[in-house]
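Architecture at a glance
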Amino acid sequence: MPVKKAKKSPKRKASRPKSPVREAPPKTAEPPFRPRRWPRFFILLGIIATVIVTIIWRRIDSQVQRRLASFESPTIPVVYSAPLDLKSVIVRAHEEGGTSPNLLKDILVDRRYTEVPSSPSRPGEFSLANGTLTIYAREFTTATGSLTKARRITLALDDGRETLAQTSKSQRTLLEPQIISYLGAQEMRASRFVSLDRIPLSVQNAVIAIEDERFFNHFGIDIFGITRALVRNIIAGRLVQGGSTLTQQLAKNLFLSPKKTISRKLLEVPTAMSLERHLSKNQLLELYLNEVYLGQEGSISIHGMPQAATTLFGKNIADISVDEAATLAGIIKAPSYYNPRKHPERAKERRDTALGKMRDLGYISAAEYSAAVKRPLRIAQQQEHRRIAQFFTSTLEAELSQTIDIENAPSTGLAVYTGLDLGMQRCAEEAIERGVASIEAANPKLKRSDKQLQAALVAIEPYSGLVRSWVGGRDFAESQFNRVNLANRQIGSTVKPFLYLTALDSSLNSYKTATAVSILEDKPMEFQVSNRVAWTPENYDHEFRGDVTLRYALENSLNMPALYIAERIGLSTLKRTLSAFKIAPNVQEVPSLALGALDSNLLRLTAAYGALANGGIYIQPRLFTAAVDGSGDRVAMSDIVEERVADEDAAFVLTTILRGVLDRGTGTKARSKGFTRPAAGKTGTSDNARDAWFVGYTPTLVSGVWIGFDDNTPINITGGVAAAPIWGDFMKCSSPFLPLGDFSPPPGVVFTNVDVRTGQIATPQCPRDQVISEAFVKGTQPSAHCAEHGGEGSDHPGTATTSTKRGDRQSGFWNSLFGR
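A brief report on the enclosed structure follows. Computed from a predicted model, the values in this text were never measured in an experiment. (Residues numbered from 1 in each chain as written. Predicted model: local features only at pLDDT ≥ 70, side-chain atom pairs only at ≥ 80, totals over all residues. Heavy atoms only, no water.)

Quick look at the overall build of the protein
Tallying secondary structure elements over the protein gives 22 helices and 32 strands in all. Residue burial in the protein is summarised as follows: out of 820 residues, 51% are buried. A separation threshold of at least 6 residues defines the contact pool for the protein, and within that pool the share at least 24 residues apart is 68%. A total of about 40500 Å² of accessible surface is found on the protein, and carbon and sulfur atoms cover 52% of it. (Helix = DSSP H or I, 4+ residues; strand = E, 2+ residues; numbered from the N terminus. Buried < 20%, exposed > 50% of the residue type's maximum accessible area, 1.4 Å probe, protein only. Contact = heavy atoms within 4.5 Å. Areas by Shrake-Rupley, 256 points an atom, 1.4 Å probe, with all protein chains shown as cover.)

Structural notes on the side chain of S600
Tracing the backbone through its elements, the reader meets S600 in strand β23 (residues 599–600). Residue S600 is classed as buried on the basis of its relative accessible area of 1%. There is a polar contact of 2.5 Å between the side chain of S600 and the backbone oxygen of I583. Apart from the residues lying within four places of it in its own chain, the contact partners of S600 are A487, N488, R489, I491, I583, L605 and W693. (Polar contact = N/O pair within 3.5 Å; in protein donor to acceptor, adjacent residues only side chain to side chain.)

Concerning the state of the cysteines
Cysteine pairs can be linked by a disulfide, which is a covalent bond between their two sulfur atoms. Counted according to the given criterion, the structure contains 1 disulfide. For C427, the disulfide goes to C733, at an S-S distance of 2.0 Å. Residues C427 and C733 are joined through a disulfide that is left-handed, its torsion about the S-S bond being -70°. With a gap of 306 residues between them, C427 in helix α14 (residues 422–442) and C733 in helix α21 (residues 719–734) connect regions that are remote in the sequence. Since its relative accessible area comes to 25%, C733 is described here as partly exposed. Unpaired in this structure, C766 has its nearest cysteine sulfur neighbour in C786, at a distance of 3.7 Å. For C786, a relative accessible area of 0% gives the class buried. (Disulfide = S-S within 2.5 Å.)

Considering the pattern of salt bridges
The full count for this structure, using the stated rule, is 28 salt bridges. Residue R214 is joined to E213 by a salt bridge in which the shortest nitrogen-to-oxygen separation is 3.7 Å. With a relative accessible area of 29%, E213 lands in the partly exposed category. The partner of D323 in a salt bridge is R378, with the nearest N and O atoms 3.0 Å apart. Of this pair, D323 sits in helix α10 (residues 322–331) while R378 sits in the loop between α12 (366–373) and α13 (390–400), and the two are 55 residues apart along the sequence. (Salt bridge = Lys/Arg side-chain N within 4 Å of Asp/Glu carboxyl O.)

Describing the packing of aromatic side chains
By the definition in use, this model includes 12 aromatic pairs. With a centroid separation of 5.0 Å and 90° between ring planes, the pair formed by Y337 and Y338 is classed as edge-to-face. Judged by relative accessible area, Y337 falls into the partly exposed class, the value being 44%. With 6.1 Å between their ring centres and 85° between their planes, F652 and F751 make a pair best called edge-to-face. Taken together, the positions of F652 in helix α20 (residues 648–664) and F751 in strand β31 (residues 749–755) put the pair 99 residues apart, joining distant regions of the chain. (Phe/Tyr/Trp six-rings, centres within 6.5 Å; stacked < 30°, edge-to-face > 60°.)

In structure tokens form, the structure reads like this:
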């Protein structure tokens, strides 16, 4: 049988040994979902940032609110004027019956108060409605370092005359002092606040058009404006446009550094938003227009449209035209670059740009635009701004530097409080300016190219010694020489009141007492001043009048009666009186001393007359009351230093005589400016008419005026013609700031009707125009009735003996001069 081959199994490839199979690890439960940590970090960061921003905002907002409420003192040493006592203004307005609401409104606006239609809600506001004036007075620190808080003052108006509301009789009526200057500061600020309703719409519209056309539509930050400026700057590749709003600019000017830094720019935003929160748009615009920086004039920085209008155009802001308004608005962007005095073409181009914006926005018509751009720039090239009371502040700084380190004072926040009244100061500066211009116009030879006729004026409160106004020359920029306290000049006949006071006052005169009706002889005299030289003085008019009363002699400034008195009482006695009144440190005993051959300065002389106004008590002049550092501690004081130098009865009798100087004597031109209040004073003219003086006083103010050349060139004008009108102009202008009142006779004075010719008691037969009510120190009044008009006539203190020889006549004269 056949053998079957066995089938071969298919050949298999050798396989690799299999690796041992690893078992998968057992499955564990998945962990719960956890968010990543970075969102938490940013949430925490956001919270922290929000807290920081909130703190910064609240701090900035608080500072803004405090600044707006109180106008806090700057850190540099600041000089303040006297605060305004509103109650005294009210009393004066009531007694004079003037347009008192307007007066008060002007005062408030001048002190940067804003009128609001409803009841004021913030310090610095006032309202006048339904016969009631309500003032929200600002907070301020007094000279004693105490804080006077912001408060409401309510005044009820009654037929145009104010009285304090009965509901608030005890309320304080002081308004905060104003800043005069900054001690040690090289650059000074000039500004003049004007309320928005008195700034023309053309000015408001010009500023809005060129600086912030969406001002009334944004919240302090103009997002559209910023975006537009950013795009234009990127396209130009340089900074060609800014995006700051008026509010941001105001924030920078009031609160931030002028340096262009990132931090300042960042702070502008919250500060501007805070301003928008606390002030209305109109209030913001008003503040901006009065604060905006508009360039320099020498060392004076010009701030505000009203001040710039005066500086550049010599006009009030209300009087400028549309093209002038556009000129001012155009300067804001770069005051130095667009300075119209230095760069008129640039200024005109910028002005025309502002006018174009005004036309595009509908503020002016096309016709108005065409007319305005055709007008040339009309800049007052000679217009210069003067600092406030520069002569005063320079003297004050010199005095303070003796006790205070002025250079390091900025770190202490020093504040110096003075008695200067800015209303009177303006009156003084204007009176000097007008008066000297009038003198030069009437006397063209005095207007010279090689030298300038100068003038000075100082006013002092006689019972406190505080200086109320001080003008040391015509222009501080031209000459810093202070003629109030540094110019020692011959005082002329202003010495005579002290000569006659010596005769009237038994405490000054070691012999006997004269009276206003004592008969004096006006006749020629001769004095031997050396072995070979004789002095034969004369009256100013070279005439002699014979017998005159003491009153007549002083009212008309006769020289010969003054020399007779000086010879009798003795030059040593006169020297003692002049020294007691601090008129001069060195007094020489020479016959001409009785006629004013004595050098003194205006401050000393005016202070001496202040003692007459103060009833014989001399008060040392004071430039300030106190200097207080930032902590409220007083670092310097100026206390009242007083001394009785004359009897008050005799001082009052002399005052009644000096009142006649203004009413009918050599000082009548002091009344020519309309000043009619009770006042006394004396003219003075030095030898060869080199100096012209007038010093006068009321019960509450003494002021003196000097006119002359610095090099003693004769001016050939008397004090009655040159100085008296300036004094009267100043006093008339200062009347709203002076309390009303008359000189009050002391108990030791009596009045008697006398005949002016005989000096005896008037009878019914005496002509009415010869009878006056004369003041006498009690016990010196005449006892005999007028012999010329039916009286018995007998020797009395006013009778002269004339029918005797020279020696007997001389004896009779002196017996008649001095009382029994």
